[in-house]
Amino acid sequence: MELTIKEKLVKDWDNHLRQTSRQLIKFDTEEETLNFLSDSFRLEFSCDFVGILVKDGDHLIPKVWSGALPSITERFPIRMDLCNPSLLVKSLMFDASEGHSSCEFTNLWINEKVSTWFTVPLMSEWNSIGFFIVGYLQPIKLIPEMEQSFDEFGKDVAAAITISRSKELQKTRMLGVQWINQHSSLELSVDDAVAKLVKGAGKLVGASVACIYFYDESDNCFIFQPPSYGGMEPAHKIVVDKNYELKHYFPYVETPGGHQLTIPLVINLKIIGVLYIENHNGSIFTQDDLETLGFLSNHVAVMLENARLYRNEKEHKQRLHHLLDYQQSLVKETVEGDQFDGITDRLSHLLSTSVILVDRFMRPLSFKLYQIDEEELHQLVELATYKMIQGQQGTGSHFTPNPNNGRKVATWAINGSGNLLGYLVVDVTDKEMNDFNRLTINLTRNVYSIQFIKQKIALDSSEQVKDSFMNKLLVEKIEDTESIIQYANLFDWDLFLPHRVAVLSLSIKNEEMNMNVLEVEAEKSRVWEQIKAKIAHRHPEIKMANKNGEWVLIAPENKEDNKPKVYWSKLYQYVKNLVDMHSEKCQVYITVGGKTKTLGNYYACYMQALKALNVVVNRFHDIGFALFDELGPYTILHELNDSQTTHLFIQKNLAPLLQYSEGKGTKGMDLFHTLRVYLENNGSIKETTEELYIHRSSLLYRLEKISHLLDMDITDSECRFNLMMAYKLYDLYIGNMAPS
């Protein structure tokens, strides 16, 4: 009969446990679940108290307590390593008669004189949540057969607790998302958005403080983004050194169980920052807190990124409008003015730094200095020149700027129509050249280019006027004196002061004579364009124009300081160096005519320079420079006005050699040149052979051939005089038409 009662009792309790399990899964919160559990046990088992204890790190803490001995909860938490480990694994039954044990939890009830109690583990499939205890102050008989039923019931309770926790976590997440949505707006500044987010995150998990660090790729560091929640004063910057593991800088990255917790903020698999929270009240952050904040961090990251993108887009739009206004102001400068100062001033004001415009020879054309003295202008230009040399020649350059000025510059080339026009130099000592600044620079370079081209068009027009003016001035008979004077006034030129007229000529060297006519003219034009501006800069007093393929140079006589040869020889050497720098194919000649006294003298002086050019090309090829007044007999021969007589004299004395050269080519010109050298050496056989580098017998053969062609005795002094005169007339009037 007793066995039947026990079985019936076991069956009734087992049914009760199943019904209780079904009821537990209906609740939405862990608190409701546990309260129902304790109430149902006290009602069904007529016990004196029911306590539910859960793990909190390495300790046991009472989660729910119902019935007698409520003050016992003050004895918790209890360290788990001091308790019987079986409490978390299987159901256990106790009574006071067992006496003291090594388990601190068991001794607690013995000391409280609890007669009988049993525990049921709350064990899920993954881990142990804790256990609950049912106690009786008076002795009762427990049924050992119920242990297995209690074990199964504990699993059901653990599952119900897990479900209720999941529901609570989901609800918390939804509340967090709802809170974020309510307090988020694209119009919020980043500071305001961060303030609301850290406050919401801190309250959501009960943190004492919370803050956000953004990752700065340029500086490779985490930078604190104010404000923080809870009055925190975090480090402003956390530099990422060689160790790129996030845990090295934030030890509790996605790691619960501590007083700190860090959640990465990730967008497109890229960390944009971290959410850092901390507790000062001793409580630790749980896995639920980690999951909640991890869920919210995705929304937080998206919200912050959207706020940042919106702000950047708004700022970008404002900058573009500002840049458009800036472009319009620059275009206005190019329309209304012919100079660069207005453009330079506006760029300097926009960038808040010093700006210098230099030509392609690194000479300042326009500048605006910002918070520096004008004395530092040459330092910036020097530094820019150094950078240009380094870029063109590498680090082997011998030019070194002043190392003590501590300034930095950036340079940009200004091009137009395929040509280099100049350079823009910007002081970037304390300036970050972001994309907007670079766009501004490129826009300004285009405007500078337009202004350069505009000036070039005006200059080309002026050059055309000047060429036309020279063609009217340098004629044998001036027809419209008034027009000439008006043209001269345009160039601020007093024609009635004494001037010196010179001719500058460029020719292709003999070894380059395989070039065709177009290539020759193109090379000469290119070199002239390279040197013209430098001549004008060094000698602004010289007026230059093109006439019949040569360049006419006219300089005031007072600039010679009564030393015309010194003045013009220095100019020649300067121009020659420029030509050698820009071309290996060209050779330059400068010949100087006489000094003008009246308006009609310009043509005569020009013709003197041309005649001197013929002489230099044929007689002083290596020297490349001469003053007509110092050409000796050439100056007298130049005064011969009967050109027909001059040509007849040349034909009578040199025609046979010239005609022979037409049929014999270079060999014929050897005879022409041999006779000239023979005459210049006063008929000396020895000196002639040495200069011509030929054998004596070869020279005698040539002289015999020459005497035969000319039908005269070239050893006769009278004949030699006539021949020398013919050569000089040839140099003056015909020389540039014959090969050299």
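By convention here, each chain's residues receive numbers from 1 onward along its written sequence. At least 70 in pLDDT is required for a residue's local features to be given in this predicted model, at least 80 for side-chain atom pairs to be given and counted, and no such filter applies to totals for whole chains, interfaces and linings, which use all residues. Side-chain figures throughout are based on the complete set of non-hydrogen atoms in the structure, without hydrogens or water.

## Looking at the overall build of the chain
Turning to step 1, where the next piece is worked out: Each helix is a run of DSSP H or I of at least 4 residues and each strand a run of E of at least 2, with the numbering of both proceeding from the N terminus. In terms of helices and strands, the chain carries 19 helices and 20 strands.
Turning to step 2, where the next piece is worked out: Here the term buried applies to any residue with accessible area under 20% of the maximum for its type, exposed to any over 50%, and partly exposed to those in between, with areas from a 1.4 Å probe on protein chains only. A burial count over the chain gives 44% of its 740 residues as buried.
Turning to step 3, where the next piece is worked out: Contacts are residue-level and defined by heavy atoms, with any inter-residue pair within 4.5 Å sufficient. Expressed as a percentage of contacts within the chain between residues at least 6 apart in sequence, the contacts between residues at least 24 apart total 61%.
Turning to step 4, where the next piece is worked out: Where accessible areas are quoted, they stem from the Shrake-Rupley method and a 1.4 Å probe; at the residue level, only the protein chains shown are allowed to cover. If you sum the accessible surface of the chain, you get close to 39,800 Å²; carbon and sulfur atoms cover 50% of it.

## Comments concerning the sheet that holds strand β20 (residues 625–627)
Turning to step 1, where the next piece is worked out: A pair of strands counts as paired when DSSP detects no fewer than two bridges linking them. Taken in spatial order, the five strands make up an open sheet running β17-β18-β16-β19-β20, and their pairing is mixed. Looking along the sheet, the strands with just one partner apiece sit at the ends: β17 (543–547) and β20. The sheet shows a mean angle of 20° between the axes of neighbouring strands, direction not considered.
Turning to step 2, where the next piece is worked out: In this structure, β17 lies alongside strand β18 (residues 550–556), joined through five bridges in antiparallel fashion. In the sheet register, K547 faces β18, and the bridge partner there is E550.
Turning to step 3, where the next piece is worked out: Contacting β16 (499–508), β17, β18 and β19 (586–595), helix α11 (residues 517–538) crosses the sheet at an angle of about 140° to β16.
Turning to step 4, where the next piece is worked out: In this analysis an axis means a line fitted to C-alpha atoms, helices contributing only their contacting stretch, and an angle means the value between N-to-C directions, from 0 to 180 degrees. Relative to the sheet, helix α12 (residues 564–582) contacts β16, β18, β19 and β20, its axis offset from that of β19 by approximately 160°.

## Looking at helix α18 (residues 696–710)
Turning to step 1, where the next piece is worked out: To estimate the expected span of a helix, subtract one from its residue number and multiply by 1.5 Å. End to end, α18 covers 21 Å across 15 residues, agreeing with the expected 21 Å (1.5 Å per residue, within 8%).
Turning to step 2, where the next piece is worked out: Buried within α18 we find L699, L703, I706 and L710. End-on view of α18: buried residues confined to an arc of 60°, all on one side of the axis. Relative to its buried face, α18 has exposed residues pointing more than 90 degrees away, namely Y701, E704 and H708. The arc in question is the one spanned by the directions pointing from the helix axis to the C-beta atoms.

## Brief notes about the sheet that holds strand β12 (residues 355–359)
Turning to step 1, where the next piece is worked out: Spatial ordering of the open sheet is given by β13-β12-β15-β14, a layout of four strands whose pairing is antiparallel. Edge positions in the sheet fall to β13 (364–368) and β14 (409–416), since each has one partner strand and no second. Averaged over all pairs of adjacent strands, the angle between strand axes in this sheet comes to 15°, irrespective of strand direction.
Turning to step 2, where the next piece is worked out: With five bridges connecting them, β12 and strand β15 (residues 419–427) associate as antiparallel partners. In the strand pairing of β15, D359 is matched with G422.

## Some thoughts on the state of the cysteines
Turning to step 1, where the next piece is worked out: When two cysteine sulfur atoms lie within 2.5 Å, the pair is treated as a disulfide. Scanning all chains against the criterion turns up zero disulfides.
Turning to step 2, where the next piece is worked out: With no disulfide partner, C83 has as its closest neighbouring cysteine sulfur the one in C103, 4.7 Å distant.
Turning to step 3, where the next piece is worked out: Classification of C83 by relative accessible area gives buried; the value is 9%.

## Brief notes about helix α13 (residues 601–619)
Residues lying three or four places apart along an α-helix face the same way, a consequence of the helix completing one turn every 3.6 residues.
Turning to step 1, where the next piece is worked out: Across its 19 residues, α13 extends 26 Å between first and last C-alpha, which sits within 8% of the 27 Å expected from 1.5 Å per residue.
Turning to step 2, where the next piece is worked out: Burial in α13 covers these residues: Y602, C605, Y606, M607, Q608, A609, K611, A612, L613, N614, V615 and V616.

## Quick look at the confidence of the model for the chain
In regions of low pLDDT, the predicted coordinates are not meant to be interpreted in detail.
Turning to step 1, where the next piece is worked out: Known as pLDDT, the predictor's confidence for each residue is given on a scale from 0 to 100. In the predicted model, the chain carries a mean pLDDT of 79, and the fraction of residues at 70 or more is 84%.
Turning to step 2, where the next piece is worked out: Note on residues 393–404: pLDDT is under 50 here. Beyond four places in sequence and across chains, it has 14 contacts.

## With respect to the pattern of salt bridges
Turning to step 1, where the next piece is worked out: Only one rule defines a salt bridge in this text: a Lys or Arg side-chain nitrogen within 4 Å of an Asp or Glu carboxyl oxygen. Scanning the model with the defined rule gives 13 salt bridges in all.
Turning to step 2, where the next piece is worked out: Notably, a salt bridge pairs D81 with R79, separated by 2.7 Å at the nearest N-O pair.
Turning to step 3, where the next piece is worked out: For R407, the salt bridge goes to E376, with nearest N and O atoms at 3.8 Å. Highlighted residues: R407 in the loop between α8 (377–393) and β14 and E376 in the loop between β13 and α8, separated in sequence by 31 residues.
Turning to step 4, where the next piece is worked out: Residues joined by salt bridges that share partners form a network here, namely E376, R407 and D427.

## Re the side chain of E278
Turning to step 1, where the next piece is worked out: With respect to the secondary-structure elements, E278 resides in strand β11 (residues 270–278).
Turning to step 2, where the next piece is worked out: Counting rule for charge: Lys and Arg are taken as positive, Asp and Glu as negative, and neither His nor the chain ends is counted. It is K247 that comes nearest to the buried, bridge-free E278 among opposite-charge side chains, at 15 Å.
Turning to step 3, where the next piece is worked out: Of the polar contacts made by the side chain of E278, one reaches the side chain of Y276; its length is 2.6 Å.
Turning to step 4, where the next piece is worked out: Setting aside residues no more than four positions away along its own chain, E278 makes contact with A207, S208, V209, M232, H259, Q260 and F285. We call two N or O atoms a polar contact when they sit within 3.5 Å, provided that within protein one can donate a hydrogen and the other can accept it, with sequence-adjacent residues counted only if both atoms are side-chain atoms.

## Observations concerning unusual backbone geometry
Turning to step 1, where the next piece is worked out: Here the amide bond leading from F76 into P77 is cis, since omega sits at 5°, within 30 degrees of zero.
Turning to step 2, where the next piece is worked out: Counting through the fold element by element, P77 comes out in the loop between β2 (59–67) and β3 (78–79).
Turning to step 3, where the next piece is worked out: Residue P227 follows P226 across a cis peptide bond; omega there is 0°.
Turning to step 4, where the next piece is worked out: The residue L69 is not glycine, and still its phi comes out positive at about 55°.
Turning to step 5, where the next piece is worked out: Within the fold, L69 resides in the loop between β2 and β3.

## Some thoughts on the packing of aromatic side chains
Turning to step 1, where the next piece is worked out: Any two of the Phe, Tyr and Trp rings considered here, Trp counted by its six-membered ring, make a pair once their centres fall within 6.5 Å; the pair's planes then place it as stacked at under 30 degrees, edge-to-face at over 60, or tilted in between. Evaluated as defined, the whole model comprises 23 aromatic pairs.
Turning to step 2, where the next piece is worked out: Between F45 and F118, the aromatic rings sit 6.4 Å apart at their centres with planes inclined by 70°, giving edge-to-face as the arrangement. Of this pair, F45 sits in helix α2 (residues 30–45) while F118 is found in strand β5 (residues 116–123), placing the two residues 73 residues apart along the sequence.
Turning to step 3, where the next piece is worked out: Residue class for F45 comes out buried when judged on its relative accessible area of 4%.
Turning to step 4, where the next piece is worked out: Residue F118 is classed as buried on the basis of its relative accessible area of 2%.
Turning to step 5, where the next piece is worked out: Here a set of aromatic residues connected by ring pairs shows up, and it is made of F41, F45, F118, F132, F150 and F153.
Turning to step 6, where the next piece is worked out: By definition here, charges over rings are those cases where NZ of Lys or CZ of Arg is within 6 Å of the ring centre and within 35 degrees of the ring normal. Of note, R538 hangs over the ring of Y574, and the distance from its end group to the ring centre comes to 4.2 Å.

## Focus on the packing of α11 against α12
Turning to step 1, where the next piece is worked out: Contact geometry for α11 and α12: axes closest at 10 Å, N-to-C directions at 145°. You can see that α11 and α12 cross each other, and the crossing is right-handed. Only Y574, V575, L578, V579 and H582 of α12 make contact with α11, whose side of the interface consists of R526, V527, Q530, I531, K534, I535 and R538.
Turning to step 2, where the next piece is worked out: Three residue categories are used. Nonpolar comprises Ala, Val, Leu, Ile, Met, Phe, Trp, Tyr, Cys and Pro, charged comprises Asp, Glu, Lys and Arg, and polar comprises the others, including Gly. Here the contact of α11 with α12 is composed, by residue class, of seven nonpolar, two polar and three charged. Should the near helix be turned anticlockwise from the far one by less than a right angle, the crossing is termed left-handed; should it be turned clockwise, right-handed.

## So, the nonpolar core
Proteins that are soluble and globular tend to have nonpolar side chains buried together.
Turning to step 1, where the next piece is worked out: Remark: nonpolar core denotes a set of buried residues (Ala, Val, Leu, Ile, Met, Phe, Trp, Tyr, Cys) joined through side-chain atoms within 4.5 Å. Within the largest apolar cluster, 30 residues are counted, with the highest numbers of intra-cluster contacts made by F41, F118, F132 and F150.
Turning to step 2, where the next piece is worked out: For this core, the element with the most residues is helix α4 (residues 146–183), which contributes seven residues.
Turning to step 3, where the next piece is worked out: If we skip the residues at most four places from it in the chain, F150 touches W13, L17, F41, F45, S91, M93, F118 and V120.
Turning to step 4, where the next piece is worked out: Membership of the second largest hydrophobic core comes to 29 residues, among which are V527, A555, Y567 and Y574.

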